[in-house]
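Examining the three-dimensional arrangement
Letter by letter, the chains look like this.
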Amino acid sequence: MRPLLSPFLACITIISPALALAETAPAELDPVQVTTDRSRKKLSETAPNTTVVDRDRLDAGPAGNMADAIRYEPGVSVASDPNRRGNAGFTIRGIGGNRILMLIDGIRLPDAYLGGGTAISSRDYVDMASLQAIEIVRGPQSSLYGSDALGGVVGYRSKRVDDVLKPGARIGGGFKGFGASDDDSHGATASLGFRTGQIDGLLVYTYRKGQATDTMGRNDSDGFARTAANPQDWHQDNVLARFGWQPGERHRLEFTAENFSRLVDTRLLGSLNNARTGLTPRAAQVDSQDAKDRLRRQRLSLGWHAHQLGPFQRLAATLYRQALSERDSDVALGTETAWQGRRPVSRPGTLTRSSHAFTQTQTGLNLELEQQFDALAASHRLVWGTDLSRTDSARPRDRWRTYADGSMTRLIPSPRPGMQAERYPSKTFPDSTSDRIGLFAEDDMRFAGGLVVSPGLRWDFYRMRPRPDLAYRNANTTGQTVNRFRDSALSPKLGVALPFASHYTGFLQLTTGFRAPPFDDANTAFTNTAHGYTILSNPALQSEKSRGAELGLKGAWPSFDFGLTAFHTRHSGFIDSVFLHEDHNRVQFYQYRNLSRVDISGAEARMAWRFAPGWRLVTTLAHAQGEDRDSKRPIDTVAPTTAITGLRYGNDTYGAEGFVRAVARQGRVRDPGGFRAPGHATLDLSTYWRPGKHMTLRADVFNLFDRKYWHASDIRGRKPGDRALDRHTRPGRNFSASFELAI
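Residues numbered from 1 in each chain as written. Predicted model: local features only at pLDDT ≥ 70, side-chain atom pairs only at ≥ 80, totals over all residues. Heavy atoms only, no water.

Before going further, it helps to spend a moment on the overall build of the chain. What the chain contains, in helices and strands, is six helices and 42 strands. Scaling as 2.2 N^0.38, a compact globule of 743 residues should have a C-alpha radius of gyration of about 27 Å, and the chain matches this with 27 Å. Structurally, the chain occupies a C-alpha span of about 85 × 60 × 55 Å along its principal axes. Surface summary for the chain: the accessible area is close to 32000 Å², and the carbon and sulfur share equals 57%. Side-chain charges of the chain comprise 97 positive and 79 negative groups, with the mean position of each set lying 3 Å from the other. (Helix = DSSP H or I, 4+ residues; strand = E, 2+ residues; numbered from the N terminus. Rg over C-alpha atoms; globule rule 2.2 N^0.38 Å. Areas by Shrake-Rupley, 256 points an atom, 1.4 Å probe, with all protein chains shown as cover. Lys, Arg positive; Asp, Glu negative; His and termini not counted. Charge placed at Lys NZ, Arg CZ, Asp CG, Glu CD.)

Time to look at empty space enclosed by the protein. With the rule as written, the count across this model stands at 11 cavities of 30 Å³ or more. Every residue lining the second largest cavity is counted, 15 residues in all, and those nearest its centre are Arg108, Tyr145, Asn366, Asp387 and Arg458. At the level of elements, strand S7 (100–104), strand S19 (378–394), strand S25 (431–447) and strand S26 (452–467) are the ones that each hand at least two residues to the lining of the second largest cavity. If one sorts the elements of the lining of the second largest cavity by residue count, S25 sits on top with three residues. (1 Å grid on protein atoms, 1.4 Å probe; cavity = no way out; pocket = protein on both sides within 12 Å on 5 of 7 lines; lining within 4 Å. Points joined across faces, edges and corners; volume = space filled by probe spheres on them.)

The strand order across the open sheet formed by four strands is S29-S30-S34-S33, and the pairing between neighbours is mixed. The strands lining the two open edges of the sheet, one partner per strand, are strand S29 (526–528) and strand S33 (575–582). For this sheet, the mean inter-axis angle between neighbouring strands, taken without regard to orientation, is 25 degrees. Pairing between S29 and strand S30 (residues 533–536): three bridges, direction antiparallel. By the bridge assignment, phenylalanine 526 is partnered in S30 with isoleucine 535. (Pairing = 2+ DSSP bridges. Axes fitted to C-alpha atoms, helices over the stretch in contact; angles between N-to-C directions.)

Here we come to the side chain of glutamate 254. Mapped onto the elements, glutamate 254 comes out in strand S15 (residues 251–267). A polar contact is formed between the side chain of glutamate 254 and the side chain of arginine 242, at a distance of 3.4 Å. Ignoring sequence-local partners within four residues, the contact set of glutamate 254 consists of Arg160, Arg242, Phe243, Gly244, Ser301, Leu302 and Gly303. (Polar contact = N/O pair within 3.5 Å; in protein donor to acceptor, adjacent residues only side chain to side chain. Contact = heavy atoms within 4.5 Å.)

There is a patch of nonpolar side chains on the surface, built from Phe243, Phe255, Leu300, Leu302, Leu319, Leu365, Leu388, Ile437, Leu439, Leu457, Trp459 and Leu490 and spanning about 1100 Å² of accessible area. Of all the secondary structure elements, the ones that give two or more residues to the nonpolar patch are strand S16 (285–309), S25 and S26. Relative to the helices and strands, leucine 365 is located in strand S18 (residues 343–375). With relative accessibility at 33%, the residue leucine 365 sits in the partly exposed group. (Patch = residues over 30% accessible without salt bridge, like charges linked within 9 Å, V, L, I, M, F, W, Y side chains within 5 Å. Salt bridge = Lys/Arg side-chain N within 4 Å of Asp/Glu carboxyl O. Buried < 20%, exposed > 50% of the residue type's maximum accessible area, 1.4 Å probe, protein only.)

What follows concerns the environment of valine 286. With respect to the helices and strands, the residue valine 286 is situated in strand S16. Using a relative accessible area of 18% as the deciding quantity, one classes valine 286 as buried. A sequence separation of 223 residues divides valine 286 from glutamine 509, and the C-alpha atoms of the two residues are 55 Å apart.

According to the stated counting rule, one finds 53 salt bridges in the structure shown. The partner of aspartate 59 in a salt bridge is arginine 55, with the nearest N and O atoms 3.0 Å apart. You can see aspartate 59 and its partner arginine 55 sitting in helix H2 (residues 55–60), four residues apart, about one turn around the helix. Exposure class is identical for aspartate 59 and arginine 55. Each is buried.

Our focus in this paragraph is the pairing of strand S17 (residues 312–340). Both S16 and S17 contribute to a ladder of 23 bridges, which runs antiparallel. Considered in S17, the bridge of leucine 309 is made with phenylalanine 312. Between the end of S16 and the start of S17, which pair antiparallel, lie two residues, with glycine 310 showing a positive phi angle near 60 degrees. Where S17 meets S18, 26 bridges bridge the pair, whose relative direction is antiparallel. What sits directly across from threonine 337, in S18, is serine 346.

Another point: the nonpolar core. Counting 44 residues, the largest nonpolar core has Phe90, Val126, Met128, Ile134 and Tyr156 as its most contacted members. Every residue in contact with tyrosine 156, bar those within four places of it in the chain, is listed here: Met66, Phe90, Met102, Leu103, Ile104, Asp105, Leu109, Val126, Met128, Leu131, Ala133 and Ile134. Grouped together as the second largest cluster of nonpolar side chains are nine residues, Ile95, Leu150, Val598 and Val638 included. (Core = buried A, V, L, I, M, F, W, Y, C linked by side-chain atoms within 4.5 Å.)

A few words on unusual backbone geometry. Each neighbour pair has its own omega, and for tyrosine 424 with proline 425 the value is 0 degrees, a cis peptide bond. Not every positive phi belongs to a glycine, and leucine 376 is a case in point at roughly 55 degrees. Residue position: leucine 376 is located in the loop between S18 and S19.

Reading across the sheet, the five strands line up as S3-S9-S10-S7-S8 and stay open at both edges, with mixed pairing between neighbours. Taken across any chain shown, the strands that pair with only one partner, and hence form the sheet edges, are strand S3 (50–54) and strand S8 (107–108). Relative to strand S10 (residues 152–158), strand S9 (residues 131–138) is paired through seven bridges, and the arrangement is antiparallel. Residue pairing in the sheet places arginine 138 in a bridge with glycine 152 of S10.

A separate point is the side chain of asparagine 230. Residue position: asparagine 230 is located in the loop between strand S13 (199–211) and strand S14 (232–248). Of note is the side chain of asparagine 230, whose polar atom sits 2.9 Å from the backbone nitrogen of glycine 270. Leave out the neighbours within four places in its chain, and asparagine 230 touches Pro82, Asn83, Ala212, Thr266, Arg267, Leu268, Leu269 and Gly270.

A few words on the packing of aromatic side chains. Under the defined criterion, the tally for this structure stands at 17 aromatic pairs. On the numbers, 5.3 Å between centres and 85 degrees between planes, the contact of tyrosine 504 with tryptophan 557 is edge-to-face. Separated by 53 residues along the polypeptide, tyrosine 504 in strand S28 (residues 504–515) and tryptophan 557 in the loop between strand S31 (544–556) and strand S32 (560–572) bring together distant segments of the chain. Three or more aromatic residues joined by ring pairs make a cluster, and in this case those are Phe500, Tyr504, Trp557, Phe560 and Phe562. Residue placement shows arginine 71 over the ring face of phenylalanine 702; its charged tip is 4.1 Å from the ring centre. The ring of tyrosine 403 carries arginine 347 above its face, with NZ or CZ at 3.6 Å from the centroid. (Phe/Tyr/Trp six-rings, centres within 6.5 Å; stacked < 30°, edge-to-face > 60°. Lys NZ or Arg CZ within 6 Å of the ring centre and 35° of its normal.)

This part is about the environment of arginine 467. One can find arginine 467 in strand S26. Spatially, the C-alpha atoms of arginine 467 and threonine 433 are 8.2 Å apart, while their sequence positions differ by 34 residues. Apart from the residues within four sequence positions on either side, arginine 467 is in contact with Asp392, Pro430, Asp431, Ser432 and Thr433. A distance of 2.4 Å separates polar atoms of two side chains, one belonging to arginine 467 and the other to threonine 433.

On to the confidence of the model for the chain. Residues shown with low pLDDT carry predicted positions that ought not to be read at fine detail. The predicted model of the chain averages 87 in pLDDT, with 92% of residues at 70 or higher. Predicted confidence for residues 1–14 stays below pLDDT 50, and this span has 19 contacts to residues more than four positions away or in other chains. For the stretch residues 275–282, pLDDT sits under 50, and the model shows 14 contacts to residues farther than four places along the chain or on other chains. (pLDDT = per-residue confidence, 0-100.)

Attention now moves to the pairing of S13. Where strand S12 (residues 185–196) lies against S13, 11 bridges are found, and the strand directions are antiparallel. Each bridged residue has a counterpart across the sheet, and for threonine 196 the counterpart in S13 is isoleucine 199. The hairpin formed by S12 and S13 contains two residues between the paired strands, and glycine 197 there has a positive phi angle of roughly 60 degrees. Bridge count for S13 against S14 is 13 bridges, and the pairing is antiparallel. Bridge pairing links aspartate 200 to glycine 244 in S14.

Written as C-alpha cells, this is what we have:
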C-alpha cells in the first residue's frame, strides 16, 4: 500500500498550511455543471473522479487539439504519432482506445479503426474552438452509457447561443485569431449569435492550417533512422450551427448541424527503404512515398427539451445521425520484388497507389427523463431513459500498381516465397451493422443529515450482423466463416456521499463496465502477403468486463478546496491479438482472443487555494500501477506518476499563470528490455491583457527551458537502441499567441 499512500502524503503536505488560512478569503461560486453523469449536478457535488476543463481553461491553454486540452490533467493522456497520424485517442488510468467512450452533446462519437493493413487510429475529430467545456469521468461508467465506457467517459459540450450573447443582447459574436510555433499553425474562429422572440441561433466557424509537430530530433535524413518529423501540411475546417425555437416557457426545440473536415499531406521520408538509406530491403525498395489523408465527420441532431411537465422535472429527447469518413491515400515509387518459382524477380520503376478507408455511420435516439419526489424518508432525484442506435462500419481497401512498361494490375504479387498474390479491392472485415438498445435508471436518494445514496442499473442489448461480399473474400484467402454476434449485460452501480464536519464529504463508488466485441476484432479475416501474417476470425469472442471501487474525500472552504481519490479496477476478458503459430512458409498466424485479467490501482489528488484576491494556487497529482494478472507483467499503458502545480493571478485587465509539470521516470514495462521514458519537468508561462472592454490578447511559452523529453504513451514497445527514438520526443521551447474580439 505504500505506493498508493505517497501521493496522499504529498498532497496533505501542501494542504495542511492552506487549511489554516482557508476562512480568510471570499467565497468562490461553483457555476460549473456536469452533464456527463446525466443528473446535471454541480461539479462540487460530484465524486473526485470527475473533472471539467471549461472554456476559460481551453482559452488559457490554449487548446488547438485534444492533447492540448488535457495538458494539465494528470492521469489522462493522448498518444501521438509523428510519422503521419497525429493524435490517437484518450487514455484514462491506463485504459484507452475505443475502451474510452467519447460523447459530444450526449451523442456517441465514432470509433477508431486500429488494425488490418494501414492503421487509421485518430479520434481527433472535434475542434476545440467550438466547445463550451470538456467533462472527464474516470473509471467504468457502463451503468449510464453502456458498452465502451470501460475505462471512462470524455464528454464534449459544444457552444450554445448563451455563450456568445451578452445578457439582454439580441445579437452578438466574436472573432479570434491564433498561432502556434510547435506546428507552425495559425487560424481563426468567428462566431455569431442572435435571439429574437422565440427564435435563436448560433454559427461558429473555425479554420486552422499548419505543419508537422516539431520533435527534438535533429536527423533529417531519409529512412528509418530519421528523427525529425516527416514534412507535413494540413488544414482543417469546422462549422457548428444551432437553431432553437422556444414556443413556450417549458419547451424548446433545437436543431444542430456540425461539419468537421481535415486534409493532411505528408512526405513519408522516415519510411523510405532504398540504397541511399544504407538498408537492405526485405520486401520492396521504396524510393519515394507521399500520403494524402482526408477526414470528415458530420453530425445532424434534433432535440426536444422540456421541464416541469406533468410528473417530470425534466425531459430530453435527441434524434441524431452522424457520419465519419476517413480515407488514407498514398503513392509510392520503387522496385517491386516478387517470386517466380524459386527465383526473385525485381521490377524497378514500379508505381503503387493505395487507398484505404474507414467509414462509420450512426443513427440513434436518446431519451432521458428526470423525476423528483419524496419517499422512504428521503428526497429522490430519479433519472431514467433509453439509448437506441444503429452503427454501420466498413473498411474498403484498394491498391493498384503501374509498371515501367505501362501495364497495370490490382493483383499485387507477394515478395515472400510460397504466398499467393494479394487481390484488390478488399476489406479486412465485412461490412457490419451494430444495434444497441440500452435502458438505464439512477436514483439520487438524499436523507436527513445530507447522506446521498445513488444506486443505478443499466441493461444493454448488443447485436452485430456482418455482410460478407466479394471484396471481403479477396482478403479472406483462408476461407474463414464469419458469424453474427449478440450479447446482453446488466451494469449496476452504487454511489454513496456523506458530508461531515461542515466542510468535508466522503465518497464511495462501486462501478461496472463492459464492452462488446467490436466490428473488427470478431470478424477480421485478413492475410498480409507483404509482411507474411494472417489474422483468423474468432466467433467465440466474449464481451470485456470491468469492476471498480473508489474511495474519495472532498473538502471545501471559502478560499480552499481539495479532492482525494483511491481506486482499484479489475478488468477481465481483454481482447487482444495472440500469436498462434508459424507455417512452413514462415507465415505467422494471429487471432483476437479474450485474454487478460488486468488490475489497475492508484490515487489522485487535487487542491486549489485562493490565498489572496486574484491569486490562485492549484496542484494536481496522479499515481497508478497496473498488472496483467495472468502473465504477472506490468501494463505499459499506465502513465507514470505525474504532478502539476500552477500559480495564477488575474483581474479584469491583465493576468498571468505558470505551470510546472513533473513526470516521474517510467517504472517497469512489459518488455524488460524495453525503453523506459526518463522523468522530466517542464515550465509553461501564459499571460493575457485586455486593453479594452471587448478585446483580449494572450501569449504563451511552453517548455521554457527547452527540455528534451518523451511521453510514455508515445514510445510503448520501443527498444533503448532504436535509432528513431528521438522522432518521438515532444517539442522543445515553443510559443503561441492569440487575439480575441467580442462584439
